[in-house]
Amino acid sequence: HTQVTPSAMIKKAALIALAAAAGADAFAPAGLPSLRTARSAPSTCQLSMNAAKDAKNGPASRIVTGLVGGLATASLLLSPALDVVQHPLGPNDGGAVHAQGATSKKSTRGAPSKDANKDPESILRLSLPINEKNPIRQAQAALEMDMDKALKETRGEKWAKVAGLSRKSANVMQGKEKDILKDVPADRVDQAKVLIKDITKGLADLGQVIETQKKEAVEAKKRQVLANIGDLEQLMVREFPYEVPAEFDNIPQLKGRAECDVVLAKAGREKFDIDGTVFDKLKLHMVLDGYSAPVTTGNLLDLIQKGFYNGMAIQRSDGFVVQTGDPAPEDPDAVHGYAEGGKERTVPLEILADEDKVPTWGVTLEDDGRPLSQPKLPFSVYGTLSMARVEDNVDSGSSQWFFLLFDPELVTAGRNLMDGRYSTFGYVTEGNRGLSNVGVGDIIESIKVTKGAENLVMPKK
């Protein structure tokens, strides 16, 4: 029998109430305002009733849709599910450690057959457009996938396995250096050699830390080594790997990656309370991935550099997403996106699937005949970045976007109804735990580009 703690029961009740509130507009008489905004992230009910998306807006069909959604949502929430494992991290912790803040503690019906990747930095490394047969991927896999699984084992014998994986990675770095460097452009080889030395030394240090059998210390050292591996892999990307269709030439495009620091302040001079620790400001670090979504990230990065979001309030925070970007949320007649020359600038739905080398634009993976395909950047991370849009118009994204507060009870990692239907364009890699305390009315004091601004390509005038 599955044991449910009081906190888990309270959480489930709250989620059910949330789902009911989100879907209540299905029962509202025609002509009355909806509880949902016109352009938003999906509600919990939308996740569970996607099959009814083609239902017409008549009263009878809306009631049926609401009933179907309510039953499906209740089924989702009340079935055995994954628990969230909380980590006592402050707002400037994060990365690979808090990426596991939504790991599985027990099995669940409908879960993926293997552990889904919930580490934003790992996903970003794996989605780089490099030669997958380069030996660096072997060194990475030994640390990133194999060692992670070994560290989750409870037997004492796991440490011998962990040590063996560290040696395996070190042997690749030492024995296959020439093969690794073959994919590095000539003008970057010297820099790559320095990184290889750092990685090799880091692996030697990791071996010594493993002997202490202190898991947290091993995880910390492993993250440092993997960060250097990611930097080395980034050097292997010679140029932007594909042509973006000419129809999007009028929109800024990010031909690579960019990183941003976000500073938020509580409304009314209150403070952020993160797991019992109080902070005046919440600081987040975001990575925008132009390799997966060049048009979406280019549009957003341009707005960030314009200062569009500075001083803007958080407009939705419901335990499922934190959303912002509407310049006039109180005016129903205003443009609820970025207006340029009196016309709203919109971006298409943009999704790069695992099996593709070029994104699809303007169509969901389901409508493209590939409902089981997975995007390179899945909704499996607490702090996934995604564009909000009008529900029935996939190409209506503009300035509104959201952070997903990943909850495996609503969005099962590796198998959910959001992947392939909303554009994902990056992750919060530091500070993501703090998103749990962000509320409506909290203010984005600033978003500043810290890296990759040179990758932004503006439209030719």
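Residues numbered from 1 in each chain as written. Predicted model: local features only at pLDDT ≥ 70, side-chain atom pairs only at ≥ 80, totals over all residues. Heavy atoms only, no water.

Focus on the overall build of the chain
To be explicit about the condition: Segments assigned H or I by DSSP are reported as helices when at least four residues long, segments assigned E as strands when at least two residues long, and all are numbered from the N terminus. Only protein chains enter the area calculation, which uses a 1.4 Å probe; residues under 20% of their type maximum are buried, those over 50% are exposed, and those in between are partly exposed. Every residue pair with non-hydrogen atoms within 4.5 Å of one another is taken to be in contact. Using a 1.4 Å probe, the Shrake-Rupley method yields the accessible areas, and only the shown protein chains count as cover for residues.
Broken down by element type, the chain carries eleven helices and 18 strands. Going through the 461 residues of the chain one by one, you find that 51% of them count as buried. Residue pairs at least 24 apart in sequence account for 74% of intrachain contacts in the chain once pairs closer than 6 positions are excluded. Roughly 21600 Å² of accessible area belongs to the chain as shown, and the carbon and sulfur atoms make up 53% of that amount.

Observations concerning unusual backbone geometry
Positive phi, close to 60°, is recorded for Gln-213, a residue that is not glycine. As for its placement among the helices and strands, Gln-213 is situated in the loop between helix 9 (189-212) and helix 10 (215-235). The partly exposed category is assigned to Gln-213, whose relative accessible area is 48%.

Section: the sheet that holds strand 6 (residues 281-289)
Hydrogen bonding along the main chain pairs the strands of a sheet, whether they run parallel or antiparallel. The condition that has to hold: Here a strand pair is declared whenever DSSP counts at least two bridges between the two strands. Every angle, taken between N-to-C directions, lies between 0 and 180 degrees, and every axis is a line fitted to C-alpha atoms, over only the stretch in contact when it is a helix.
Spatially, 7-8-15-13-16-6-3-17 is the arrangement adopted by the eight strands of the open sheet, whose pairing is antiparallel. In the strand order of this sheet, the two ends are held by strand 7 (316-317) and strand 17 (443-451), each with one partner. In this sheet, strand 15 (residues 401-404) lies alongside strand 8 (residues 321-324) in antiparallel orientation, the contact comprising four bridges. The partner of Val-321 across the bridge, within strand 15, is Leu-404. Of the strands in this sheet, strand 3 (257-265), strand 6, strand 13 (384-387), strand 15, strand 16 (424-430) and strand 17 are in contact with helix 11 (residues 294-305), which crosses strand 6 at around 140°.

Observations regarding the environment of Leu-435
Position of Leu-435 among the secondary structure elements: in the loop between strand 16 and strand 17. Note: C-alpha distance between Leu-435 and Leu-282 (153 residues apart in sequence) is 8.4 Å. Discounting chain neighbours no more than four positions away, the residues touching Leu-435 are Leu-282, Leu-284, Val-322, Tyr-382, Gly-383, Phe-403, Leu-405 and Val-428.

Observations regarding the nonpolar core
Worth spelling out the cut-off: Among the buried residues, those of types Ala, Val, Leu, Ile, Met, Phe, Trp, Tyr and Cys that are joined through side-chain atoms within 4.5 Å form a nonpolar core.
Counting 89 residues, the largest nonpolar core has Leu-232, Met-286, Leu-288 and Trp-401 as its most contacted members. Looking at which element gives the most residues to this core, the answer is helix 9, with nine residues. Those residues in contact with Trp-401 that lie beyond four places of it in its chain are Met-286, Leu-300, Tyr-309, Val-322, Gln-323, Thr-324, Leu-385, Ser-386, Met-387, Ala-388, Phe-425 and Ile-447. Leu-124, Val-287, Val-381 and Tyr-427 belong to the second-largest nonpolar core, a separate cluster that totals six residues.

Describing the pairing of strand 15
Of the two faces of strand 15, the one holding Trp-401 and Phe-403 and the one holding Phe-402 and Leu-404 are both buried throughout. Bridging between strand 13 and strand 15 involves four bridges; their strand directions are antiparallel. Looking across to strand 15, one finds that Ser-386 is bridged to Phe-402.

Description of the confidence of the model for the chain
Under the convention used in this document: pLDDT expresses how confident the predictor is about each individual residue, on a scale running from 0 to 100.
Here the chain shows a mean pLDDT of 81. Residues at 70 or above account for 74%. In the model, residues 1-13 has pLDDT below 50 throughout and makes eleven contacts with residues more than four positions away in sequence or in other chains. Here residues 47-114 is a poorly scored stretch, pLDDT under 50, and it has 135 contacts once near neighbours within four places are set aside; other chains count.

Describing helix 11
Note the threshold: Here the expected length of a helix is defined as 1.5 Å per residue gap, with one fewer gap than residues.
Counted at 1.5 Å a residue, the expected span for helix 11 with its twelve residues is 16 Å, and the 16 Å between its end C-alpha atoms agrees. The element helix 11 is largely enclosed, with a buried count of eleven among its twelve residues.

Thoughts on the environment of Glu-270
When you line up the elements, Glu-270 lands in the loop between strand 3 and strand 4 (272-274). When the C-alpha positions of Glu-270 and Asp-280 are compared, they lie 7.7 Å apart, and in sequence the two are ten residues distant.

Topic: the pattern of salt bridges
Let me state the cut-off plainly: When a carboxyl oxygen of Asp or Glu is within 4 Å of a side-chain nitrogen of Lys or Arg, the pair counts as a salt bridge.
Under the defined criterion, the tally for this structure stands at 22 salt bridges. Residue Asp-302 is joined to Lys-306 by a salt bridge in which the shortest nitrogen-to-oxygen separation is 2.7 Å. Given the relative accessible area of 4%, Asp-302 is considered buried. Through salt bridges that share partners, Asp-302, Lys-306, Glu-340 and Arg-345 make up one connected network.

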